Amino acid sequence: MQNGGAESSFAIPLEREVEERLSWFIQLRWLAAGGILLGTWLATRVFGLVLSSGPLYLIGFVVLAYNVVFLRLRGKTRGSPRTARLLIVVQIVLDWVALLVIIYLTWGIRSPLTLIFSFHLIIAAILLSRNACYQLTVASSLLLGLLAVAQEAGWITPAPSAVAWVGPEAVRSDLLIWAGVTLFFVVTTYLVTSIARRLREKEEALYNTQQEVSQALREMESLYELGQLVNSTLDLQEVLNLIAEQAARLLNMKACFIRLFDKTGTRLYIGGAYGLSQAYLNKGPVEVSKSLVDLEALRGGVVQVLEVGDDHRFQYREEARQEGLRSMLCVPVQAKNRVLGVIRVYSDKPHVFSEREQRFLRNLANLGAVAIENARAYAELQALNEEKVWFARMAHHQLRSPLAAIQGILDALEYAGSLTPKQKELVARARRRLEDAFSTIRDFLDLAAAQRPPSVQLPDPVGLREALDTVLETVQESAERKKIRLEVEIAPETTVRAEVQDLERIFQNLLDNAVKYTPEGGKVRLTARKPAEGKVVVEVCDTGIGIRPEDREKIFEGFFRTREAKATGAVGTGLGLSIVKRLVERLGGTIELESEPGRGTCFRVFLPTAEFRPTV
Amino acid sequence: MLNGKHVILCVDDDPDILEALRVVLEANGYIVGTATSAEEGLRVYKEMKPDLLIVDLMMEEIDAGTRFVKELQAMGNKAPIYILSSTGDNLQAAIDFSELGLSGVFQKPIKPDTLLALLKAKLKKQ
C-alpha cells in the first residue's frame with residue numbers, strides 16, 4: 001500500500017493516451033498526405049481547376065517524408081511522455097506550415113481548406129488542455145488573419161479565386177471571411193473542449209474507482225496472506241511478531257508493537273514487536289489506567305497522534321523521540337467477545353493516517369486476534385496434556401513401587417527358608433497375578449504416551465533393525481517357551497523417522513499379541529520389505545486364533561477383547577492395539593489387518609520413511 | 001571384604017525392597033549394609049567400605065540416586081555401582097549412565113537368579 005497515490009492518479013492514463021494518440025496522429029497523416037496528392041490530381045485533372053499542382057504535389061511528398069521520420073521516432077518516446085508531448089507539438093507546427101502553404105496555393109483565405117484547421121483544433125481538444133486548445137485557436141486565427149491582411153493589402157497573390165464557396169463573390173472583404181472562419185473556430189473549440197472535459201471527468205472518475213477497487217483488492221490479498229501466515233504457526237510469540245512485522249510492512253511504517261493484557265487484566269505487556277530497539281521494549285508492562293492512549297483504544301476507539309514526542313498522553317515521550325517515532329496509530333485487538341489488547345504502528349516522519357489505513361489496521365488487528373486466541377488455546381491444551389502425561393508417570397511410579405516390593409519379598413521368600421510344595425504353588429500364583437498387574441500398568445503408561453501430541457521437532461531417522469533388537473530378544477524368549485517359531489526379515493537399510501521407544505511399544509505389543517494368541521508349535525513372522533513410495537511396510541503375521549470380521553474395528557478401541565481371546569485364558573487389558581494404533585498415527589502412519597478366524601492374523605503397519613518430511 | 005565375605009551396600013528408600021535384597025544376598029554369603037537415603041548411604045559407605053553398591057535411581061527426589069553416585073565418584077570410589085531403575089524413570093530423569101561410570105543398570109523388578117549370577121561374576125573379576 002503506497003501513500004499519496006491520489007494526487008497523481010490521472011497522470012498515468014493521460015501519458016499513455018498521449019503515446020497512443022501519437023500513433024493515431026501518424027496514421028491520420030498518411031491519409032492527409034494521400035488526400036493532398038489525390039486532391040491535387042482530382043482538382044487539376046478531373047475538375048480542371050487552375051492550380052499550381054507542382055508545389056502541391058511536393059508538399060504532399062514532404063508530408064509523407066516527415067511522417068516516415070515520426071514513425072521511426074515513435075518507438076523511442078516510450079516511457080518518456082515529455083518527449084512524446086514535444087513530438088506532438090513539432091508535428092502540429094509542421095502540419096500547420098504545410099497547411100498554410102497549401103492554403104496559400106489554393107486561393108488563400110478564401111480557400112475551403114482553411115476549415116482543415118478545425119480538425120487540428122478538435123484533435124488538440126482531445127489531447128491537450130483546454131487552455132492549450134484555446135491558445136491554438138488564437139494562433140491559427142492569427143495565422144489566417146495575417147494571410148487575410150497580406151491578401152487584402154495585395155502583398156501576396158494566391159491562386160486566382162476560380163471556385164465558388166460560401167459566396168466568395170458576395171463577401172468582398174477577405175477580412176470578413178477571416179472573421180467568419182475565426183468564429184467557426186472558436187465555436188468548434190468551445191464545443192469540443194466542453195465535450196472532451198466531460199469525457200475526461202468521467203474517465204477520471206472511472207480511473208479512480210478502478211484504483212480504489214484494486215487498492216481494496218490488494219488490501220484483501222494482504223489480509224488473506226497475513227491470515228495464512230499467522231495461522232501457519234501455533235507458537236504465540238511467533239504469531240505476535242509476525243502480526244507486528246506484517247502490520248508495519250503493509251502500512252509502510254517504521255515500527256509496530258502489540259500490547260496484550262496480562263493475567264491481572266490491569267496491565268498490558270508487549271507481546272510482539274517489529275522495528276523497535278531492545279532498550280525501548282524493555283520498558284516492561286504498563287498500567288492500563290495510566291496509559292491514556294491504550295485506554296482510549298481499548299474503549300473501542302482509533303487513536304491517531306501526529307507527533308508522539310509532544311503528546312501529553314504518552315508516558316514515554318523522551319524514549320519515543322530517541323527511538324525516532326513520530327506519528328502513531330493505535331487500534332484495539334478485538335477477539336470475538338473480549339478485547340485482548342492494542343496494536344500500535346509508528347512512522348518515522350509526521351504522517352496523517354488515512355481512513356483506509358485505519359480500516360486496514362483494524363481489519364489486521366481483528367485477524368490477528370483470531371490467531372492469538374488459537375495460539376493461546378493450543379498452548380493451554382499442550383500444558384494440559386503435559387500435566388496428564390506427568391500424572392500418568394507419577395501414577396505409574398506410585399503403583400509400581402508397592403508391587404515391586406511385593407515381588408521382591410515373594411522372590412526372597414524361598415531364600416528365607418524352604419517352602420512346602422503347596423506354599424510354592426501359592427507363591428507362583430501370586431507372582432502370576434503380579435505380572436498381570438505390571439502389564440496393566442505398563443499399558444496405561446503406554447496409552448498416556450501414545451496420546452501426547454506429535455513433537456514439533458521431527459525425530460531422527462532410525463534403522464528399524466536396531467530399533468527392534470531388544471523387543472525381538474524378549475519376544476524370542478517368550479516364543480521359545482511356547483515352542484513358536486519366530487521369523488524376522490527386515491530389508492537392509494530400512495529406516496524410519498520415529499522415536500525408538502514408540503517403535504518398541506508398537507512392535508512389542510503386536511508381537512506379544514501374536515505369541516499370546518498363537519497355539520504351541522505355531523509361527524510368528526515379522527517382515528519389513530524394501531520401502532516404496534515413501535512408506536515402510538512392516539507386517540506381523542501369526543498362525544493364531546484369528547479375528548472375526550465383526551471384531552476387526554473394535555479391537556482398536558480401548559478395553560475390547562474378542563470372545564476368542566478371552567477364551568484362551570491369556571490375560572490382557574484390551575488396551576494394546578488401541579495404543580498401537582494411536583502410536584502409529586502419531587508417527588504419521590496407518591495400520592490395517594487381514595485375518596482368517598482359526599488360521600491367523602496379519603497386521604500391516606505403514607510408516608513414513610526417513611526421507612519423508614511432512615509439509616507444514 | 002569382611003571375614004572373607006564380600007560387602008554389598010544397598011541404597012533404596014523402600015525398606016521392603018531393602019529387606020528382600022538383604023534376605024537374598026545374606027542367604028548367598030554376602031554381608032549386606034542398607035541405607036534408605038543418600039546421606040545415610042554415604043555414612044554407611046564410609047563405615048563398611050563396600051565391595052559393590054546397588055542404588056535405587058529414584059529415591060526421595062528425582063535425582064537423589066545420581067547425586068549420590070556423583071558424590072561417591074568425588075570421594076574416589078572404586079567399587080562397582082549398579083543402578084536399580086523402574087521403567088520410565090530413566091525417561092524422566094534423562095540420565096547419561098555412562099557418564100556416571102556405572103557398572104550397569106537393573107530394571108526393577110530384578111530376578112534373584114539374575115542378580116546373584118551377575119554379582120558373582122563381577123566380584124570374582126575384582
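As the structure is a prediction and not an experimental result, all values here were calculated from the model.

The rules behind the values
Residues numbered from 1 in each chain as written. Chains lettered and ligands numbered in written order. Predicted model: local features only at pLDDT ≥ 70, side-chain atom pairs only at ≥ 80, totals over all residues. Heavy atoms only, no water. Helix = DSSP H or I, 4+ residues; strand = E, 2+ residues; numbered from the N terminus. Buried < 20%, exposed > 50% of the residue type's maximum accessible area, 1.4 Å probe, protein only. Areas by Shrake-Rupley, 256 points an atom, 1.4 Å probe, with all protein chains shown as cover. Disulfide = S-S within 2.5 Å. Contact = heavy atoms within 4.5 Å. Patch = residues over 30% accessible without salt bridge, like charges linked within 9 Å, V, L, I, M, F, W, Y side chains within 5 Å. Salt bridge = Lys/Arg side-chain N within 4 Å of Asp/Glu carboxyl O. pLDDT = per-residue confidence, 0-100. Polar contact = N/O pair within 3.5 Å; in protein donor to acceptor, adjacent residues only side chain to side chain. Nonpolar A, V, L, I, M, F, W, Y, C, P; charged D, E, K, R; others polar. Core = buried A, V, L, I, M, F, W, Y, C linked by side-chain atoms within 4.5 Å. Pairing = 2+ DSSP bridges. Axes fitted to C-alpha atoms, helices over the stretch in contact; angles between N-to-C directions.

Looking only at helices and strands, chain A has 17 helices and 13 strands in total. Looking at chain A as a whole, 44% of its 616 residues qualify as buried. Summing over all exposed atoms, chain A offers an accessible surface of approximately 33300 Å²; the carbon and sulfur share of this is 58%.

Our next topic: the state of the cysteines. Residue and element names in this part refer to chain A. The final tally for this structure, using the stated rule, is 1 disulfide over all chains. With its sulfur 1.8 Å from that of its partner, Cys541 forms a disulfide with Cys602. Torsion about the S-S bond of the Cys541 and Cys602 cystine: about 105 degrees, corresponding to right-handed handedness. You can see Cys541 sitting in strand E11 (residues 535-542) and its partner Cys602 sitting in strand E13 (residues 600-608), a full 61 residues away along the chain. With respect to burial, Cys541 and Cys602 carry one shared label: buried. Unpaired in this structure, Cys256 has its nearest cysteine sulfur neighbour in Cys330, at a distance of 9.8 Å.

You will see that Lys483 of chain A, though not glycine, has its phi angle at about 55 degrees, which is positive. For Lys483 of chain A, the position within the fold is in the loop between helix H14 (469-481) and strand E8 (485-490). Residue classification places Lys483 of chain A among the exposed positions, given a relative accessible area of 60%. Despite not being glycine, Lys49 of chain B has its phi angle at roughly 45 degrees, a positive value. With respect to the helices and strands, the residue Lys49 of chain B is situated in the loop between helix H2 (38-48) and strand E3 (52-56).

Let's shift gears to the environment of Thr193 of chain A. All names here are of chain A. Within the secondary structure, Thr193 is located in helix H6 (residues 174-230). Using a relative accessible area of 4% as the deciding quantity, one classes Thr193 as buried. Between the alpha carbons of Thr193 and Asn131 there is a distance of 9.5 Å; along the sequence they are 62 residues apart. Setting aside chain neighbours within four positions, we find Thr193 in contact with Ala125, Arg130, Cys133 and Tyr134.

Moving on: a nonpolar patch on the surface. Nonpolar side chains collect at one region of the surface, where Leu38, Trp41, Leu42, Val46 and Phe47 of chain A lie side by side and expose about 510 Å² of accessible area between them. With respect to the helices and strands, Phe47 of chain A occurs in the loop between helix H1 (11-46) and helix H2 (53-74).

Looking now at the confidence of the model for chain A. Residues and elements named next belong to chain A. In this model, chain A carries a mean pLDDT of 85, and residues with pLDDT of at least 70 account for 92%. Predicted confidence in chain A is weakest over H1, with a mean pLDDT of 79, and strongest over strand E10 (residues 523-528), with 95. Below a pLDDT of 50 lies the segment residues 1-12, which in the model reaches 20 contacts outside its immediate sequence neighbourhood of four places, other chains included. Note on residues 162-168: pLDDT under 50 across the span, and 9 contacts to partners over four residues away in sequence or across chains.

Attention shifts here to the environment of Asp174 of chain A. By secondary structure assignment, the location of Asp174 of chain A is in helix H6. A C-alpha to C-alpha distance of 9.7 Å links Asp174 of chain A and Ala153 of chain A, two positions 21 residues apart in sequence.

Attention now moves to the interface of chain B and chain A. The interface is formed by 21 residues belonging to chain B together with 18 residues belonging to chain A. For the interface between chain B and chain A, the tally reads 0 salt bridges. At the boundary of chain B with chain A, the tally comes to 1 residue pair in polar contact (both at pLDDT 80 or more). Mapped onto the side of chain B that touches chain A, the elements with two or more residues apiece are helix H1 (15-27), helix H4 (89-93) and helix H5 (112-125) of chain B. The greatest single-element share of the side of chain B that touches chain A, amounting to 6 residues, is contributed by H1 of chain B. Per-class residue counts for the side of chain B that touches chain A are 11 nonpolar, 4 polar and 6 charged.

Here the focus is the nonpolar core. In globular proteins that are soluble, nonpolar side chains generally tend to be buried together. Residue and element names in this part refer to chain A. Membership of the largest hydrophobic core comes to 43 residues, with the highest contact counts inside it found for Leu503, Phe507, Leu510, Leu511 and Phe603. With 7 residues, the top contributor of residues to this core is helix H15 (residues 500-516). When sequence neighbours within four positions are dropped, the list of residues in contact with Leu511 reads Val471, Leu472, Val475, Leu486, Val524, Leu526 and Val540. Counting 39 residues, the second-largest nonpolar core is a separate cluster that includes Ile36, Ile92, Ile109 and Phe117.

Turning our attention to the sheet that holds strand E2 (residues 267-274) of chain A. Residue and element names in this part refer to chain A. If you trace the 6 strands from one edge of the open sheet to the other, you get E3-E2-E1-E6-E5-E4, paired in antiparallel fashion. Every interior strand has two partners, whereas the edge strands, strand E3 (286-287) and strand E4 (303-305), have only one. By the bridge criterion, 6 bridges tie strand E1 (residues 255-261) to strand E6 (residues 339-346) in an arrangement that is antiparallel. Bridged to Phe257 within E6 is Arg344. Contacts from helix H7 (residues 236-250) reach E1, E2 and E6 within the one sheet, and its direction differs from that of E2 by about 65 degrees. Its contacts with the sheet put helix H11 (residues 355-413) on E1, E2, E4, strand E5 (328-334) and E6, and the angle it makes with E5 is roughly 40 degrees.

With that settled, the discussion passes to the pattern of salt bridges. All names here are of chain A. Scanning the entire structure with this criterion turns up 34 salt bridges over all chains. In this structure, Arg338 and Glu373 form a salt bridge, with 2.8 Å as the shortest nitrogen-oxygen distance. With Arg338 in the loop between E5 and E6 and Glu373 in helix H11, the pair connects residues that are 35 residues apart, well separated along the chain. Here Arg548 and Glu564 are joined by a salt bridge, their closest N and O atoms 3.0 Å apart. Of this pair, Arg548 sits in the loop between E11 and helix H16 (563-567) while Glu564 sits in helix H16, placing them 16 residues apart in sequence. By relative accessible area, which is 21% here, Arg548 ends up partly exposed. Ionic contacts of the salt-bridge type, sharing partners, join the residues Arg529, Glu539, Glu592, Glu594 and Arg604 into one network.

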